Protein chains: 2
Amino acid sequence: MNKKAVVLLSGGIDSSTTLSIAKAEGFDLYALSFDYEQRHSRELKSAEMVAGAIGVKKHLIINFEMNQIGLSALTSDIEVPKSQISNLKSQIPVTYVPARNTIFLSMALAWAETLEAADIFIGANAVDYSGYPDCRPEYLRAFEEMANLATKVSVEGRLRFRINAPLLYMTKAEIIKRGIEAGLDYSLTWSCYDPQPLDSRFKIQDSRPNLAPCKKCDSCIFRARGFKEAGIDDPLLSPFEQSG
Amino acid sequence: MNKKAVVLLSGGIDSSTTLSIAKAEGFDLYALSFDYEQRHSRELKSAEMVAGAIGVKKHLIINFEMNQIGLSALTSDIEVPKSQISNLKSQIPVTYVPARNTIFLSMALAWAETLEAADIFIGANAVDYSGYPDCRPEYLRAFEEMANLATKVSVEGRLRFRINAPLLYMTKAEIIKRGIEAGLDYSLTWSCYDPQPLDSRFKIQDSRPNLAPCKKCDSCIFRARGFKEAGIDDPLLSPFEQSG
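Residues numbered from 1 in each chain as written. Chains lettered and ligands numbered in written order. Predicted model: local features only at pLDDT ≥ 70, side-chain atom pairs only at ≥ 80, totals over all residues.

(A) Structural detail: the sheet that holds strand E4 (residues 119-121) of chain B. Residue and element names in this part refer to chain B. The strand order E3-E2-E1-E4-E5 describes an open sheet built from 5 strands, whose pairing is parallel. Edge positions in the open sheet fall to strand E3 (58-63) and strand E5 (162-164), since each of these has one partner strand only. Along the sheet, successive strands turn relative to each other by an average axial angle of 25 degrees, direction set aside. Bridging between strand E2 (residues 28-35) and E3 involves 6 bridges; their strand directions are parallel. Note on E3: the bridge partner recorded for Tyr 30 is Lys 58. Packed onto the sheet, helix H4 (residues 100-115) meets strand E1 (4-8), E2, E3, E4 and E5 and runs at close to 160 degrees relative to E1. (Pairing = 2+ DSSP bridges. Helix = DSSP H or I, 4+ residues; strand = E, 2+ residues; numbered from the N terminus. Axes fitted to C-alpha atoms, helices over the stretch in contact; angles between N-to-C directions. Contact = placed C-beta atoms within 7 Å.)

(B) How the structure looks around the interface of chain A and chain B. Counting residues at the interface gives 35 residues for chain A, matched by 35 residues for chain B. Going through the elements one at a time, strand E3 (58-63), helix H3 (100-115), helix H4 (137-150) and helix H5 (152-155) of chain A are the ones with two or more residues in the side of chain A that touches chain B. Per-element tally for the side of chain A that touches chain B: the top contributor is H3(A), with 9 residues. Of the residues in the side of chain A that touches chain B, the class split is 22 nonpolar, 7 polar and 6 charged. (Nonpolar A, V, L, I, M, F, W, Y, C, P; charged D, E, K, R; others polar.)

(C) Inspection of the relation of the copies chain A and chain B at higher detail. Rotating chain A by 180 degrees about the axis while translating it 0.0 Å along that axis superimposes it on chain B, leaving an RMSD of 0.0 Å. These values place the two chain copies in the arrangement generated by a two-fold rotation axis. The rotation axis passes nearest to the C-alpha of Phe64(A) in chain A, at a distance of 2.5 Å. (Least-squares fit on C-alpha atoms with pLDDT ≥ 70 in both.)

(D) The arrangement of the sheet that holds strand E5 (residues 162-164) of chain A in detail. All names here are of chain A. Read across the sheet, 5 strands follow the order E3-E2-E1-E4-E5 without closing on themselves; strand pairing throughout is parallel. What marks the edges here is a single partner per strand, and that holds for E3 and E5. For this sheet the average axis-to-axis angle between neighbouring strands, irrespective of direction, equals 25 degrees. Sitting on the sheet, helix H1 (residues 13-24) touches strand E1 (4-8), strand E2 (28-35) and strand E4 (119-121), and the angle it makes with E1 is about 170 degrees. The strands touched by H3 are E1, E2, E3, E4 and E5; relative to E1, the strand with the most contacts, the crossing angle is about 160 degrees.

(E) Representation of unusual backbone geometry. Positioned with a positive phi, Ala99(A) is a non-glycine residue whose angle comes to about 55 degrees. Within the fold, Ala99(A) resides in the loop between E3 and H3. Residues other than glycine seldom take positive phi values, yet Glu116(B) does so here, at roughly 55 degrees. Residue Glu116(B) is classed as exposed on the basis of its C-beta count, with 10 C-beta atoms lying within 10 Å. (Buried ≥ 20, exposed ≤ 12 C-beta atoms within 10 Å, placed from the backbone.)

See the structure below:
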């Protein structure tokens, strides 16, 4: 029997690559996504497509009302900033969502305990987005320590939880190369915080929503830079580029 | 301006007493409850009544689908055990819910960061219910440490989160005496895991649901023992006792 892993999956590049790495490492996969009243649910659609393509035992999408307890540009009416990347080294981005990874990892921990899965995977990255406090190695270590004091299976000595963050020290270009190596189709992923209705000229021919990335938000810019540095064309953009 | 505190509130004796203690300590109160598909919502009604009686700035009830990720007698179809107390010292009760306090504290942390409230209160108790791993002091310390690495306000040095568990070393009798001292009306609280439809003879005269405690589940037995040891009649039971 394979080992089980719970993998946090947003549908973006990092979490999708993480899922493909866990697959390559031989885990039975249990993907966990959240519908927390994001401005758009386009990335959840990508999470479903990626989970289907990689092949997971189960994909769970949990609904909860994040808006009530935390505010950020991703969940509220604050305008998504364009091209704030130059500020990222000196401050925490406004797209930070209070305690988001802690909430996500807590739910992953509950599911992992129920499944008796020792391994939890998260696509945290401390290089490109170093501004997020809950993507740093010292945070992840503290969460792991807490998790092993929190749970019945660990306190009884039956399981020791590991928080795996295989992308932690990779650049975006390295992440993309690693995902392609693992067979991930990046046209299924989604990064844009601010999707735009798509001109009918570019209508996508499959079941995907007719939306295009804005190419201006931080997340689009990081994605474009990553593909450029990896020397690879972003397959998500190619239908529009070719038609346009 | 008063200090702010986020207080986890289930509507039971421990969390209601914790709320009354935080009130007595002069905090502005933000009560946080969860609707996670409990078998009954009777205790949420008590949470609302207690929050109203004590006087909170805001009471938030968050819905989420706990059933999907964790199974226990409180959220699934496993039968609630009767009189399992004698086993509690040697094993973790079947009423344990995977990572429940970790999920609750994570959501409290998110709200606390949004409010810039340094203090989070939880009614964890390591005496009567020593079987729960996530009620132990070492767990609460680990969560606090993780929380201060997780959040923007703490990493920027503007706030240091404290997890307050004022009941940690109190017996149930001591908890009840402390709550009465703080002016808490225990007839508003609820403990029973398995509420029974109430005989029409005992119809309650106010807006409360027409339900009576079963008096047989662990939680009813702990409650009864606490009131007995405190030398106080449980005001929740008195209408039924008098009529019966």
